[in-house]
Amino acid sequence: MNYGDSSSSRGRAQIPGPNGDPGSERSPRGNGWSGAPEGGASARASVTPRGADGRAPVSGVPPAPRGAAGAAPVGRAGAGRASVPVSPAPGVSGRAGAGRASVPVSPAGPAGRASVGAASVGGAGRASVGAAPVGGRAAVARAGVPGFSGGGPGGPGGPGVPLGPARGGRGDDSARSKKRRRLNMLIAGFAVFIMLAGIGVVSFTWYSQKVLLPEDTIPPLSTTIYDRTGKTPIARIGDQNRQLVTIEQIPVWVQHAVAAAEDRNFYRHSGVDYKGIARAAWNNVSGGDKQGASTITQQYARNAFDNLNQDTYGRKVKEAILASKLNDKYDKSVIMQHYLNVIYFGRGAYGIQAAARTYFGKNVDKLTVAEGAVLAALIKQPEPSASHQGYDPAINPQAALDRWNYVINGMITEKWLDAPNTPPHPTEYPKALKPTKNSAGGFGIDTPYGNVVNYVSQELREMKLCTDNEAEATDKKPLCAKALSRGGYRVTTTIDAKIQSAAVAAAQRAKKGSELAGQPPNLMAALVSIDPSNGEVRAYYGGDNGTGTDYAGKNVDNGVISGGHSPGSSFKIYTLAAALDEGISLKSRWKGKSFKPDKMEFTVSNAGSDASCGNSCTLEQSTLKSLNVPFYYITEKIGPDKVLDMAKKAGVTTMWRTDTNPAKSYDLAKYDAKDLAPDPFFHVIGYGQYPITVLDHANGVATFANEGWYNKAHFIRKVEKQNPDTGKWDLLKTVKTNPEQRIKKDVVADVTSVLEEYPGQVNRRLDDGRKAAEKTGTWELNAKTLDNGDAWMIGYTPQLATAVWVGNKGARKAIKDKDGNKISGAKMPGAIFQRFMDDALKGKEKRDFPPAANIGKDDVGNGDKPVEPTPPGGAACDPLGLFCPDGNQGGGNQGGGNQGGATPGGGGDQNGGLPGFPGGGGRGGGVLPSTPPTRQTN
C-alpha cells in the first residue's frame, strides 16, 4: 500500500506550508512532509474534514465536508508534546476522548506526550487520539471534525467549513443532554477529588515533616526491693512492673510467637499496614467496633510516646507517621526489643521479663515455645473487660487455649515452627502460675515491709542518688519523689527474710499465735533488730502498712515529727554507761528513798514500793531493781548532758521534750548535748522520761553489743540501676560500714556484766542457755494514775540487738492485757523479745560476752556506806553477822526502805543484812540468803 496515496486510509498526512499549500518536494523528509522550521519542532498537521465516504485525505485542499463521523488516520508526526485541540464549532457539542499522541504541535514546542482535552465537536462523535511514540505515527480515530481552529482549513487563515448535521442528522434530545450533564458532573467531581487529593498529599507531607520522632525514652521502670540475699523480692514500687531486657535475652521463638499473634507481616512491611488502616477506618465509619492499625511498630509507638493513647483519628495518623519513622531508624530486631519492653501482659506486668516472672516464675531467657505463645496470646486483651473476659488462663481458660492455638498455627504457617532449623510445635498448653497479691505492679507497701521501703527511699536521698530539686533532675539522678516508682532500681536491703518473719510472727496482731493475737485492740507492738557488727537492720516491724503510722520510727504529719515513746528504765543503760565513763563504779552506793528535789514540785520515786536497799543502793542493784531515785542522783551528779551525750554516741538520733503539745522533737546531731541539757532535758532524763524511737533504741543497744563500736543502722546494702542499652545492672552504690569506737570497751563490759543478770531476774532467759543482756522499761500513762502507757524490753547477744515496745495504737490509754492485768516490760514486751530472739538465733553459734572490767571508784556515791562488823573486844563476827556477841544485827537501811526502824542504834544499822537482800526492821536480825530477794520487774 502506498502511504502517499491520498485515497488510502493509511496515507501519510501531508504537511501544508505556510500558506496552506502542500510541502515542497525539496522537503528533506520526502513523501509530502514539510520540514520543520529552523530550530523548531515539526510543523502542525492540518487535518481536514472527512469526505462523504468517511475517509479524510490529508492535504492542503479539503473535500466537501460531511456531518457523519468517520475514521481519520493521521500520518507520522515529529517529536514533541502534542496538544491536539478540537475547536468549538457552532452546532452540537461532542467530546474528545483523551488519548496519547506523539503529534507535533506548534513550532518550537518541546517534545512530549499528547494531552487532549474536551472539545466542542460539530458532529456528535468522539475524537479518540491514540498513543504514538516520539517521531512515530499518531492515529486519530473516529473524529467527526467540521473544522479546526489554528492554521489550515477551518481555522484562521484557512477556508471555512459549513456545519453539517450531527451523526446522520440526529438533533439534540433531552435524554442525551441529561446524560451529558451527569457525565460532566462526574468529570467535574473527579477533578475536584483529584485536586483535594493533591492538597491532601501536600498537607500530609507537610504534617509528617512537622511530626518529629521523639528522642529515645526509657519507659517507666519499677524498683524491686530484695532481702539481704538479693534473690527474694520483698517489695516492688512503681506504676508499672517492668524490667528491661535486650533482644539477645529474648528467645527467637518468643519473638516469633509475638509476631504470629500481633503482626504476621512484621518482618515484611515498612512499619505501617495501610490496608489495615483503611479497613479500620471503614469499620469505624460504618459503625463497627473501633479499630486501629495493629502493626507491632505502631503499637510500640502508641505505648512508648506520650499523647498517643487517645482514641482519635488524629492520633492514628500521628501513630502511623511515627511508626514509619521508627521503621526507618531501627531494624526489626530493635523495634521488637522496644515493643516487648513496653507492652502490657496483664497482672500488673509490663514488658516480657516481668510477664515471664509473673506467669511462669522464670526469666525470659528460660521460656519455652509453649510459654512464649501463652504470653503472646495475652497481648490482645490481657485483662477482662465488659465485653470479653480476656486471655488470662486463670480467668478465661478456654479463650486462652483458643488464642494459644491461633498463635501456634500462625508460627507454623510462617515457617517459624516445624520447618528446618526451627523448633517443633508444642502439643500441650503449659501450666501458668495463679495470680497472687504480689502479681500487681507494686507490692509490699501495704505489708510490714512498707516501712522498710520508706527507709530505702530516705537512704537513696542520703546517698545523693536522687534529688529534690526538679531543675537538677536527670535520668541518672531522678527526683526523689519518683526515684523508686520510675527509676528502675534494684535495691538489696539488709533485711533477713527469716528474721523478719520471726518478728512479724511474734509482734503482729494478725498472725495467729502471736503475742498480740486476741489482745485488746488499742495495743500495738513494734520491734527492730540489728546486726551489731555492721548496723544492718535484720528485722523491722513498725506496723502493718507502710502508708500508715510507723510505730518503730519517725512520722511527719503537717510538718510535725512524731514517733517517740518514753523508754522508762530501759534508757538507764545510757545513764549507767555515762556514770561508768565518769569514774563511778558498779559498787558505788546511792540513796534509794523517794524524795522531793529542792525547789521542785514533783517527787522522785521508784515504781511500786520504795527501795528495799534504802539509802545504800549500789549502782548494780539500782540497775537490776530499776530504781529511779539513784539514777536521778547520778544524773544530777554527772550532769544530764553526759547522759544525753552517751545516748547520742550509742545511736539515739532524736529525742522529744514532753512539756509541749505536741511534743517537740530535737535532732541530736544538730546540737551539743550541753545546749539541750538540763533544758529542755532535765535530770529525769536519767531514768527515761523523754521519748525516743524503737529504731534508735535498737541502734544504741547494738553499740553495746558491739563492745562500744558504733555502726549507723541502715537498710540498704547495695543499689543497682538497669542500663537501658545493655539491659545489664550497673552498680551505683555499695554501703560500706564505718565503725567508730564511741564508748570505751571497759565501760561496755561493765554494763553488759550487769545486764547479763537480768534475764534470770525477769524470767526471760533464752533457749539452750544462750547468754543475753536484757533490760526492761515501763513508763506511766500519766501523773494521775498508776497505769502504764509504754512498756519495753531491750537486749542483745553478740550477734543480734533488739528493741521491743508495746503501747497504744491511736489514743493513749492504759495498756492492759485481755485479762485486765497491767502490762509491764517483763510481760508482753518480754514475751515478744524472748520468742523472737529464740527463733531468730536458732542454729546460730552461742557466744559469750567479755568479762567485766570493774572500772571506776566505789566511794563516789551519796548513799550510806556499810561498815565491817566488829564485835566488842575486837573479835570478828561471822560473815553474815548472825552471831555477834551483842546480838545487834538489825537490818536498818538494808530493810524495807527504813520502814521498820531506820534510826541507827548500837551499831545495828551499820552492819545489818547483806546488801541487796530485804532485812528486818529496827534491831531485828538479818535473813539467811537462802531465800532469793524480791526483784522489781520493771
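So, here is what we can say about the structure in this document. (Residues numbered from 1 in each chain as written. Predicted model: local features only at pLDDT ≥ 70, side-chain atom pairs only at ≥ 80, totals over all residues. Heavy atoms only, no water.)

## Some remarks on the overall build of the chain
So, step 1. On a plain count of helices and strands, the chain comes out with 21 helices and 20 strands.
So, step 2. Taking all 938 residues of the chain together, the buried fraction comes to 50%.
So, step 3. Relative to all contacts within the chain whose residues are 6 or more apart in sequence, the contacts with residues 24 or more apart total 67%.
So, step 4. Just so you have it, the chain exposes about 44,100 Å², and 51% of that area is on carbon and sulfur atoms. (Helix = DSSP H or I, 4+ residues; strand = E, 2+ residues; numbered from the N terminus. Buried < 20%, exposed > 50% of the residue type's maximum accessible area, 1.4 Å probe, protein only. Contact = heavy atoms within 4.5 Å. Areas by Shrake-Rupley, 256 points an atom, 1.4 Å probe, with all protein chains shown as cover.)

## Notes on unusual backbone geometry
So, step 1. Residue proline 678 is bonded to the preceding alanine 677 through a cis peptide linkage, with omega at 10°.
So, step 2. On the secondary structure map, proline 678 appears in the loop between helix H17 (673-676) and helix H18 (694-705).
So, step 3. Here aspartate 679 and proline 680 are connected by a cis peptide whose omega angle stands at 15°.
So, step 4. Tracing the backbone through its elements, the reader meets proline 680 in the loop between H17 and H18.
So, step 5. Located in the positive-phi region is aspartate 768, a residue other than glycine, with phi close to 60°.
So, step 6. Note that aspartate 768 resides in the loop between helix H20 (758-762) and strand E18 (773-780).

## Focus on the packing of aromatic side chains
The geometry of two aromatic rings is summed up by the distance between their centres and the angle between their planes.
So, step 1. Scanning all chains against the criterion turns up 18 aromatic pairs.
So, step 2. Relative to tryptophan 416, the ring of tyrosine 267 has its centre 6.0 Å away and its plane inclined at 80°; by these criteria the two rings are edge-to-face. Placement of the pair is tyrosine 267 in the loop between helix H2 (252-262) and helix H3 (274-285) and tryptophan 416 in the loop between helix H9 (397-413) and helix H10 (450-462), with a sequence separation of 149 residues.
So, step 3. Owing to a relative accessible area of 12%, tryptophan 416 belongs among the buried residues under this scheme.
So, step 4. Ring-pair connections join several aromatic residues into one group, and the members of that group are Phe595, Phe602, Tyr632 and Tyr633.
So, step 5. Over the ring of phenylalanine 266 we find lysine 332, and its NZ or CZ is 4.7 Å from the ring centre. (Phe/Tyr/Trp six-rings, centres within 6.5 Å; stacked < 30°, edge-to-face > 60°. Lys NZ or Arg CZ within 6 Å of the ring centre and 35° of its normal.)

## As for the environment of alanine 483
So, step 1. Here alanine 483 lies in helix H11 (residues 480-486).
So, step 2. Along the backbone, alanine 483 and threonine 467 are 16 residues apart, and their C-alpha atoms lie at a distance of 8.8 Å.
So, step 3. Leave out the neighbours within four places in its chain, and alanine 483 touches Thr223, Cys466, Pro478, Gly488 and Tyr489.

## A few points about the pattern of salt bridges
So, step 1. Scanning the entire structure with this criterion turns up 20 salt bridges.
So, step 2. Where glutamate 536 meets arginine 717, a salt bridge forms, and the shortest distance between an N and an O atom there is 3.4 Å. Note that glutamate 536 is positioned in the loop between strand E6 (523-530) and strand E7 (537-541) and arginine 717 in strand E15 (residues 716-722), a separation of 181 residues in sequence.
So, step 3. Residue arginine 717 is classed as partly exposed on the basis of its relative accessible area of 28%. (Salt bridge = Lys/Arg side-chain N within 4 Å of Asp/Glu carboxyl O.)

## Structural notes on a nonpolar patch on the surface
So, step 1. A cluster of nonpolar residues, Leu183, Leu186 and Ile187, forms a patch on the protein surface that exposes about 270 Å² of accessible area.
So, step 2. For leucine 183, the location among the structural elements is in helix H1 (residues 174-210). (Patch = residues over 30% accessible without salt bridge, like charges linked within 9 Å, V, L, I, M, F, W, Y side chains within 5 Å.)

## Remarks on the nonpolar core
General note: in soluble globular proteins, nonpolar side chains tend to be found buried as a group.
So, step 1. If you look at the biggest cluster of nonpolar residues, it comprises 123 residues, and the most contacted ones within it are Phe704, Ile832 and Phe836.
So, step 2. Once residues within four sequence positions are removed from consideration, phenylalanine 704 is found in contact with Ile573, Tyr574, Ala577, Ala650, Ile743, Val748, Val751, Thr752 and Tyr796. (Core = buried A, V, L, I, M, F, W, Y, C linked by side-chain atoms within 4.5 Å.)

## Side note on the state of the cysteines
Two cysteines, two sulfur atoms, one covalent bond between them: this is a disulfide.
So, step 1. Within the structure shown, the criterion is met by two disulfides.
So, step 2. Residue cysteine 466 pairs covalently with cysteine 480 via a disulfide, S to S 2.1 Å. Between cysteine 466 and cysteine 480 the disulfide shows an S-S torsion of about 95°. By sign, it is right-handed. On the criterion of sequence distance, the pair formed by cysteine 466 in the loop between H10 and H11 and cysteine 480 in helix H11 is long-range, its members being 14 residues apart.
So, step 3. A relative accessible area of 5% places cysteine 480 in the buried class. (Disulfide = S-S within 2.5 Å.)

Function-wise, these values are silent; they only describe arrangement.
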